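# Descriptive analysis of the structure
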Amino acid sequence: RGGAGAGGGRGGGRGGGDTHEVVAMTALNQELVQGLLLARGPSDAAGDGRSSAGAHTPGGSKGSKPAVAPAVDVDIRVDVDPEDVERKTWAQLEKKGFGENAITAAMKATAPAVDAERDRAEAFNEQRRRRTTRALDWLILNCDDDALPAQFREEAQLQRSKRAGKGAKRRTAAEGAQLASTNSDEPDSNSPVAILVSQLRVAGFGPSAALAASRAADGDGATALRELCA
């Protein structure tokens, strides 16, 4: 009984004093709770002894924006070897009959388009397709005739004729604009000078040269031709 009484005394002593409940939690949960309490201000965290200024919270310092992860370059496929794309493109062009010099020139001329059109973000087959298509288009338009495989000669002739036609139209438009700006006093359409200008233009002379020669010859074709061919 004496022992029991002593035990009772010890129990009574604990009951009479301040008791604190101990809660087990992980370090991460402790940090979360502490951050929430400090974020509410000193009045709500009395006795803590720390002010809320500069307090650590899970999102960073109080009042600051959450840290932003560094940007990741998603425009390059790390699972595609650029050198492998180049090798396979080269092999395809060789199979089509192009020689080493022609392929080298085509690959060099079309290389800037790889970055400009963001090829590196695509899968291997798409990168190879784009690289081969661009190089082949360049070869059809620019490859020397003697280095052009027979199977592409007809298409090359067609595409080059189209390009030449577009270039001629642009040159004609530019020459016409220049002629209009420098020769506002064009001759009457029925005058000998105007008729001779038209004939010389059909023969292949430029508008400015044809007009100048026709005026100098006063509409005489033989004199204008001597002037132009001198």
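Look a little higher up for the structure.
To keep things clear, this report deals only with the structure shown in the data block. Starting afresh in each chain, residues are numbered from 1 along the sequence in its written order. Reporting of local features is limited, given that this is a predicted model, to residues whose pLDDT is at least 70; pairs of side-chain atoms are given and counted only at 80 or more, and all residues count toward the totals for whole chains, interfaces and linings. Hydrogen atoms and water are omitted, and side-chain values are computed over all heavy atoms in the structure.

## What to know about the packing of aromatic side chains
When two rings of Phe, Tyr or Trp (its six-membered ring) have centres within 6.5 Å they constitute a pair, described as stacked for plane angles under 30 degrees, edge-to-face for angles over 60, and tilted for the intermediate range. Per the stated rule, a full pass over the model turns up one aromatic pair. Ring geometry for Phe98 and Phe152: centres 5.4 Å apart, planes at 25°, overall stacked. Here Phe98, found in the loop between helix H3 (82–95) and helix H4 (100–110), pairs with Phe152, found in the loop between helix H6 (124–142) and helix H7 (153–182); they are 54 residues apart in sequence, far enough to count as distant. No difference in accessibility class separates Phe98 from Phe152, as the two residues are buried. Secondary structure counts use DSSP, requiring at least four H or I residues in a row for a helix and at least two E residues in a row for a strand, with both numbered from the N terminus. Each residue's exposure class comes from its accessible area (1.4 Å probe, protein chains only) as a fraction of the maximum for that residue type: buried when under 20%, exposed when over 50%, partly exposed otherwise.

## Considerations on the environment of Ile76
Looking at where Ile76 falls in the secondary structure, it is placed in the loop between strand S2 (60–61) and H3. On a C-alpha basis, the gap between Ile76 and Arg120 in space is 4.7 Å, while along the polypeptide they are 44 residues apart. Whether two residues are in contact is decided by their heavy atoms, any of which lying within 4.5 Å being enough. Residue contacts for Ile76: discarding those within four places in its chain leaves Arg120 and Ala121.

## Focus on the side chain of Asp119
Of note, Asp119 is situated in the loop between helix H5 (112–116) and H6. In this structure Asp119 comes out as buried when scored by relative accessible area, which is 2%. Excluding residues that lie within four positions of it along the chain, Asp119 makes contacts with Ala113, Val114, Gln127, Arg130 and Arg134.

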